[in-house]
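Notes for the structure review
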2 protein chains.
Amino acid sequence: MELMRSPLAPASQPDLPPITGVKLAAMAAGLKYRGRDDLLLLTFAPGTRVAGVLTKSACASAPVDWCRDHLGRGTARAVVVNAGNANAFTGQKGARAAQMTAQAAALAVGCEAHEVFLASTGVIGEPLDATAFGDHLSTLATLVSDDGWARAAGAIMTTDTFSKVATAAARIGDQTVTINGIAKGSGMIAPDMATMLGFVATDAPVSSAALQTLLSRETDRTFNAVTVDSDTSTSDTVLAFATGSAGEHGELIENADDSALDEFRQAFAHVMRNLAMQIVRDGEGATKLVSVDIRGAVSDASARAIAMSVANSPLVKTAIAGEDANWGRIVMAVGKAGQPADRDKLSIWFGDVKVAHEGERAPDYSEEAASLHMQGQEVKITVELGMGDGSYTAYTCDLTKRYIEINGDYRS
Amino acid sequence: MELMRSPLAPASQPDLPPITGVKLAAMAAGLKYRGRDDLLLLTFAPGTRVAGVLTKSACASAPVDWCRDHLGRGTARAVVVNAGNANAFTGQKGARAAQMTAQAAALAVGCEAHEVFLASTGVIGEPLDATAFGDHLSTLATLVSDDGWARAAGAIMTTDTFSKVATAAARIGDQTVTINGIAKGSGMIAPDMATMLGFVATDAPVSSAALQTLLSRETDRTFNAVTVDSDTSTSDTVLAFATGSAGEHGELIENADDSALDEFRQAFAHVMRNLAMQIVRDGEGATKLVSVDIRGAVSDASARAIAMSVANSPLVKTAIAGEDANWGRIVMAVGKAGQPADRDKLSIWFGDVKVAHEGERAPDYSEEAASLHMQGQEVKITVELGMGDGSYTAYTCDLTKRYIEINGDYRS
């Protein structure tokens, strides 16, 4: 099946600058796809710090298990990513394939296996034959360079219709540091985490603890705020790497909230948000980008549950696909969330058009104005609950026939 | 939009026999639909007991509020149902419309307003103009008869493609009692409750407490076990009525577990299950009826959460629509349920074909045999968790392009 580029894809993508200490190379290993890259190697200079956020699935993939086992050490020298086979639900064979891959990469790069991180994406339940990875990774280790970011982003795609990259720069003291990120994902996307892989690298001199704090915090607002279809993958993985090469005298900033990182935190958040929004923009079959902004909930957690109830509702998402300002379905989705809400305090907007006010249709409701907003490519839903100060914004896309087409015949 | 009859609709429907003390009539009130019945009146003999299960939505409709306020009294003389307007999210106007309707019915039938129960189904957020109901209900009160069941089932439909009726008989002591039921629902269907209306009536001599126990218990296994799209309505209502006219000397059976009710309980469960399964069979766009049988969970509640995670997964449901034996998506849906599960103890069947065994593809897995099962009209998914004795079966349908069509252009 040919995948047409999402109509929500960015018009252009930035060139990602080199980051000292990070090199990449990709190649076609021919595991599942023909005529395209599907194997990626990233290498890092000695001393690079790592942080990660992994799927909460009870049926996590073998590479996720591997990462979970080794993240605690805090250092990384390489990442291997393959597309086409998730190495998930593959039993002991899967664990052995993961170990074999890490050992092959360690040999090729010249490091310990526990310094190699792994991610696999693709079909679940097919045994991954990693026997050829040894030769492939040796080759890739000779090919790595610091300008391979665009090709790397292409190599990790599955049903993605465009490759996803983001970059930002920030000042830390007298130094300018760079943050580059790549990601993939377009289906099986739901929070905890969006079904996706994301890799962010920087030359900023931060400790692994500080990096983990920043990564976890921003993941909550970005990758975990997006949902395409409420389905959470067995393979979700976001890893962040800091080479520290922009630092002076090898000193690391240990505290994520250090004022020296003020600008860096913003740049890091920008890269994370940018990548997460690209995943929604590539939502399978998506024609509209939807934000769901919940305010006035009893807590942020409650606001998040309500936002996800709205963002995951098939009836809300099909109405948006049909450009129907059907706010009754928003009421339904708020009502079913199982969170404190008072029907008679509820107000709803589509864009700037107030459609419902304190439990009934807004007195000056204009169907025409609301419909006009629905016809745009970006739809903004705002709900004010009038219960407290909790707020959260979730991001999703519409649900179209194309989603059914893509997913009714993905595997075969 | 024309709604074609679901391919899963029953080939034929039974004629519902009269129940002493229950009379019905329907008419076209012209509220939203043209050329079809959309207003239903059921009347009950004095002394009829009532029980009910109502939506848990925090944004419940005005008729749901009305029923909740009056169910505690335990007696009923009439039910008014209208289709086309849900009288939900209509503020104080909605509450007044509900009260006005109940008062009009009370006047027409000759009872108290609190003995009248209400249900509305249709669009949310449109004020319901009940001013004409007074005349209509007076007319209906003169038309009610004991053979109006089939027409009644037709009058409460919205996007339903067939009307839903069920009947059963049982012996209680020397008497034969009858149980008739009608229901509607095909979208906005999810547990707690399936978005639906259901009305069950019997001449059995049971108390309102016993009736409530039976209704709550069976709802959990039937209406609350079905899901079409995970969306829970503001209007879900199941009401049961017992005229007691088959009883001797006016005595009521007070205990739902009384051995005199053994056969009745089975017949009651049969009617409830039959109606609930008809709702799944009329799932919007459905082409396949799917059962999800979870076994070996740590508890029944945990099994239910996992069953619903599978039954509500868009990726599982689109795979079924595509007749793809994609058991990796079952693994995904089990994994994301947030319930205790051990990947390496998990086994999965499609029909009788074991596709996964203890955490990996079953050794003698036959794609051909699994695909053959997927091509049938009824798909059975079984998951054995190997964790404990908890079990639950959920029922759903596949997710097709037709669902998107129906819901992308329902309101306009």
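Residues numbered from 1 in each chain as written. Chains lettered and ligands numbered in written order. Predicted model: local features only at pLDDT ≥ 70, side-chain atom pairs only at ≥ 80, totals over all residues. Heavy atoms only, no water.

1. Quick word on the confidence of the model for chain A
Residue and element names in this part refer to chain A.
- Chain-level pLDDT for chain A is 90 on average; 94% of the residues reach the 70-or-more range.
- For residues 190-194, every residue scores under 50 in pLDDT, and the model assigns this stretch 33 contacts once sequence neighbours within four places are set aside.
- Across the assembled chains, the prediction reports ipTM 0.78 with pTM 0.83. (pLDDT = per-residue confidence, 0-100. Contact = heavy atoms within 4.5 Å.)

2. Describing the interface of chain A and chain B
- Each side of the interface is counted separately: chain A has 60 residues, and chain B has 61 residues.
- For the pairing of chain A and chain B, the buried interface totals around 5,000 Å² over both sides, and the portion due to carbon and sulfur atoms is 56%.
- Where chain A meets chain B, there are eight salt bridges.
- A salt bridge links R343(A) to D65(B), with the shortest nitrogen-to-oxygen separation between them at 2.8 Å.
- Connecting chain A to chain B are 14 residue pairs in polar contact (both at pLDDT 80 or more).
- Contributions of two or more residues to the side of chain A that touches chain B are made by α2 (91-109), α8 (314-321), α9 (327-335), β13 (360-361) and α11 (401-408) of chain A.
- It is α9(A) that provides the largest number of residues to the side of chain A that touches chain B, a total of seven residues. (Buried area = accessible area lost by both parts, 1.4 Å probe. Salt bridge = Lys/Arg side-chain N within 4 Å of Asp/Glu carboxyl O. Polar contact = N/O pair within 3.5 Å; in protein donor to acceptor, adjacent residues only side chain to side chain. Helix = DSSP H or I, 4+ residues; strand = E, 2+ residues; numbered from the N terminus.)

3. Considering the environment of R49(B)
Residues and elements named next belong to chain B.
- Within the secondary structure, R49 sits in strand β3 (residues 49-54).
- Separated by 152 residues in the primary sequence, R49 and A201 place their C-alpha atoms 9.8 Å from one another.
- Within polar-contact distance, the side chain of R49 engages the backbone oxygen of G47 at 2.7 Å.

4. Some points on the pairing of strand β5 (residues 116-123) of chain A
Residue and element names in this part refer to chain A.
- Taking burial as the measure, the eight residues of β5 include eight buried ones, the bulk of the element.
- In the sheet, strand β4 (residues 78-85) pairs with β5 via eight bridges, with the strands oriented parallel. Paired with A83 across the strands is T121, a residue of β5.
- Chirality of the crossover, the property in question, places the unit of β4, α2 and β5 among those that are right-handed. (Buried < 20%, exposed > 50% of the residue type's maximum accessible area, 1.4 Å probe, protein only. Pairing = 2+ DSSP bridges. Right-handed = clockwise from strand over helix to strand, strands pointing away.)

5. Topic: the relation of the copies chain A and chain B
- After a rotation of 180° and a shift along the axis of 0.0 Å, chain A superposes on chain B with an RMSD of 0.0 Å. The two molecules are tied by a two-fold rotation axis, judged by turn and shift. Minimal C-alpha separation from the rotation axis in chain A is found for K401(A), amounting to 2.4 Å. (Least-squares fit on C-alpha atoms with pLDDT ≥ 70 in both.)

6. Looking at unusual backbone geometry
- Look at E358(A): it is not a glycine, yet its phi comes out positive at around 45°.
- The topology assignment puts E358(A) in the loop between β12 (353-357) and β13.
- Classification of E358(A) as partly exposed rests on a relative accessible area of 47%.
- Although it is not a glycine, F89(B) adopts a positive phi angle of roughly 55°.
- Relative to the helices and strands, F89(B) resides in the loop between β4 (78-85) and α2 (91-109).

7. Observations concerning the packing of aromatic side chains
Residue and element names in this part refer to chain B.
- For the structure on display, the rule yields six aromatic pairs over all chains.
- An angle of 20° between the planes, with centres 4.2 Å apart, marks the rings of F44 and F241 as stacked. Residue F44 is located in strand β2 (residues 39-44), and its partner F241 is located in strand β9 (residues 237-242); the two are separated by 197 residues in the primary sequence.
- Owing to a relative accessible area of 2%, F44 belongs among the buried residues under this scheme.
- Judged by relative accessible area, F241 falls into the buried class, the value being 1%.
- The ring centre of Y33 lies 4.0 Å from the NZ or CZ of R36, which sits over that ring.
- For K164, the ring lying beneath its charged end belongs to F162, and the centroid distance is 4.4 Å. (Phe/Tyr/Trp six-rings, centres within 6.5 Å; stacked < 30°, edge-to-face > 60°. Lys NZ or Arg CZ within 6 Å of the ring centre and 35° of its normal.)

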